[in-house]
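Analysis of the macromolecular model
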Amino acid sequence: MASAARTAAKSVLRFGMIPADGIGHEVLPPAQRVLQELSAKQLIPRTEFVALDAGFDYFRRTGVALPDETIEVMKNDVDGALFGSVSSPSHKVTGYSSPIVALRKHLDLYANIRPVSSVAGTEGPNVDMVIIRENTECLYIKSETMDTLEDGSKIARATRQITQRASERIGRMAFEIALKRDQVRKKAGGEQLHQKPAVWSIHKSNVLSVTDGLFRESIKAAQASDARYAQVELKEQLVDSMVYRMFREPQIFDTAVAPNLYGDIISDGAAALVGSLGLVPSINANDTFAMGEPVHGSAPDIAGKGIANPIAAIRSAALMLEHMGYADAAARVYKAVDAVLKEGSIKTPDLGGKSTTAEVEEAILKGL
């Protein structure tokens with residue numbers, strides 16, 4: 001896994017492609033073609049793509065959800081990656097564990113970064129926020145037990161893990177992103193939704209005073225760890241109030257940082273502010289590597305119909321490039337996608353339209 005500086009100096013970029021389940025097989029090819037088009041325009045180096053296995057369907061065929069080969073290639077042979085979607089069952093399946101959660105742990109992709117922004121000239125509230133979710137712990141360590149009581153009834157327990165190290169690390173990431181967003185806004189000029197950078201610390205420490213209390217204090221410690229962070233305002237919000245305010249006044253939120261479970265929930269909810277999960281990208285990242293992942297799930301109800309929205313996957317590819325140091329190429333993708341959304345005639349069914357995946361892809365490629 002290469003740093004952004006070393007990656008930006010490469011003559012060839014290798015990307016791991018993990019479609020996994022459902023519509024992952026339909027939305028990753030458009031993202032790949034966008035990357036190839038950027039390479040053809042010499043906005044990024046020559047591209048190579050490595051097809052990799054993972055997912056619930058793969059597990060049902062082989063008994064393994066995340067093969068060792070995929071892990072090794074991701075660790076040693078690629079500069080970045082894209083993950084499609086995973087169909088995790090809602091009930092316990094012996095031997096199965098989510099491959100996306102496992103990948104985050106194996107690669108120490110400690111941050112899930114999910115920007116949610118409205119497009120000027122489209123319907124809906126003004127939104128310009130990014131949700132930074134701690135990616136390695138909380139309830140997602142998947143330490144659960146089931147016991148039988150004396151009366152024959154069952155009791156289930158889950159262990160929630162919050163560490164100072166992980167919380168301070170995600171806090172520093174949040175402050176760095178808040179500063180970067182502020183620089184981008186100042187460079188762009190004009191009227192902006194946010195005049196000063198802010199990090200919102202999201203927790204429930206009034207009830208979970210030990211675990212969320214540690215998260216809360218760790219975010220404060222992260223701010224105190226670097227003098228540059230003093231220019232970023234630190235705000236706090238209880239997670240349930242965050243959800244309420246996010247729908248009542250979404251324009252107030254800039255950069256939000258949250259433990260794993262809260263971040264998962266509020267980032268999915270935030271997608272409703274801009275119309276669809278099919279629009280919202282994310283990356284799973286550490287300081288040197290990024291794996292793009294559209295926020296939506298595997299959508300088995302529409303898989304194979306050719307109507308899945310590829311925009312989240314395409315934006316995730318751009319977000320990955322941005323993390324790798326190719327900001328100009330990423331900006332071209334964002335601009336092309338925004339133009340398609342603003343024009344409004346080419347929309348997949350999740351946005352109320354009748355367009356196909358291929359038609360959206362073609363419109364974005366033309367926009368490039």
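Please refer to the structure placed before this passage.
Residues numbered from 1 in each chain as written. Predicted model: local features only at pLDDT ≥ 70, side-chain atom pairs only at ≥ 80, totals over all residues. Heavy atoms only, no water.

**Section: the overall build of the protein chain**
In terms of helices and strands, the protein chain carries twelve helices and twelve strands. Taking 2.2 N^0.38 as the reference for a compact globule, 368 residues should give roughly 21 Å; the C-alpha atoms of the protein chain span a radius of gyration of 20 Å, in line with that estimate. When contacts within the protein chain are restricted to residue pairs at least 6 apart in sequence, long-range pairs at least 24 apart make up 73% of them. Of the side chains in the protein chain, 42 bear a positive and 45 a negative charge, and the two mean positions are spaced by 3 Å. (Helix = DSSP H or I, 4+ residues; strand = E, 2+ residues; numbered from the N terminus. Rg over C-alpha atoms; globule rule 2.2 N^0.38 Å. Contact = heavy atoms within 4.5 Å. Lys, Arg positive; Asp, Glu negative; His and termini not counted. Charge placed at Lys NZ, Arg CZ, Asp CG, Glu CD.)

**Examining helix H2 (residues 24-40)**
The terminal C-alpha atoms of H2, which comprises 17 residues, lie 24 Å apart, in line with the 24 Å expected from a rise of 1.5 Å per residue. Buried within H2 are the following residues: Gly-24, Glu-26, Val-27, Leu-28, Pro-30, Ala-31, Val-34, Leu-35, Leu-38 and Ser-39. Looking at the buried side of H2, the elements it contacts are strand E1 (12-20), strand E2 (46-51), strand E3 (80-85), helix H10 (311-324), helix H11 (327-343) and helix H12 (357-367). Following H2 by one or two positions, Gln-42 has its phi on the positive side, about 60°. (Expected span 1.5 Å × (residues − 1). Buried < 20%, exposed > 50% of the residue type's maximum accessible area, 1.4 Å probe, protein only.)

**Here we look at the pairing of strand E4 (residues 111-117)**
Judged by how many residues are buried, E4 sits mostly within the fold: five of seven residues are covered. In this sheet, strand E5 (residues 128-134) lies alongside E4 in antiparallel orientation, the contact comprising seven bridges. Among the inter-strand pairings, Ala-111 is bridged to a residue of E5, identified as Glu-134. Judged from the three bridges that link them, E4 and strand E11 (residues 283-285) form a sheet pairing that is antiparallel. Paired with Asn-112 across the strands is Asn-284, a residue of E11. (Pairing = 2+ DSSP bridges.)

**Overview of the nonpolar core**
Counting 61 residues, the largest nonpolar core has Leu-321 and Ile-364 as the members making the most contacts within it. Apart from the residues lying within four places of it in its own chain, the contact partners of Leu-321 are Phe-15, Leu-35, Leu-38, Ile-44, Tyr-326 and Ala-329. Core analysis: the next-biggest nonpolar cluster, separate from the first, contains 24 residues, Ile-71, Ile-100, Leu-107 and Phe-289 among them. (Core = buried A, V, L, I, M, F, W, Y, C linked by side-chain atoms within 4.5 Å.)

**Focus on the sheet that holds E11**
An order of E2-E1-E3-E12-E11-E4-E5-E10-E8-E9 is seen for the ten strands of this open sheet, with the pairing classed as mixed. The open sheet terminates on both sides in strands that have one partner only, identified here as E2 and strand E9 (233-238). On average, each strand axis in the sheet is tilted by 25° relative to the strand beside it, whichever way the strands run. Across six bridges, the pairing between E1 and E2 is parallel. In the strand pairing of E2, Arg-14 is matched with Glu-48. (Axes fitted to C-alpha atoms, helices over the stretch in contact; angles between N-to-C directions.)

**A few points about the packing of aromatic side chains**
With the rule as written, the count across this model stands at six aromatic pairs. Note on Phe-59 and Tyr-96: the rings are 5.2 Å apart at their centroids and 65° apart in plane angle, and the pair reads as edge-to-face. Here the residue Phe-59 occupies a position in helix H3 (residues 56-62), and Tyr-96 occupies one in the loop between E3 and helix H5 (99-106), the gap between them amounting to 37 residues. Tyr-96 gets classed as buried once you look at its relative accessible area, which sits at 13%. Seen from their ring centres, Phe-175 and Tyr-229 are 5.2 Å apart, and the 20° between their planes marks the pair as stacked. In this pair, Phe-175 sits in helix H6 (residues 164-188) while Tyr-229 sits in the loop between helix H7 (211-224) and E9, placing the two residues 54 residues apart along the sequence. (Phe/Tyr/Trp six-rings, centres within 6.5 Å; stacked < 30°, edge-to-face > 60°.)

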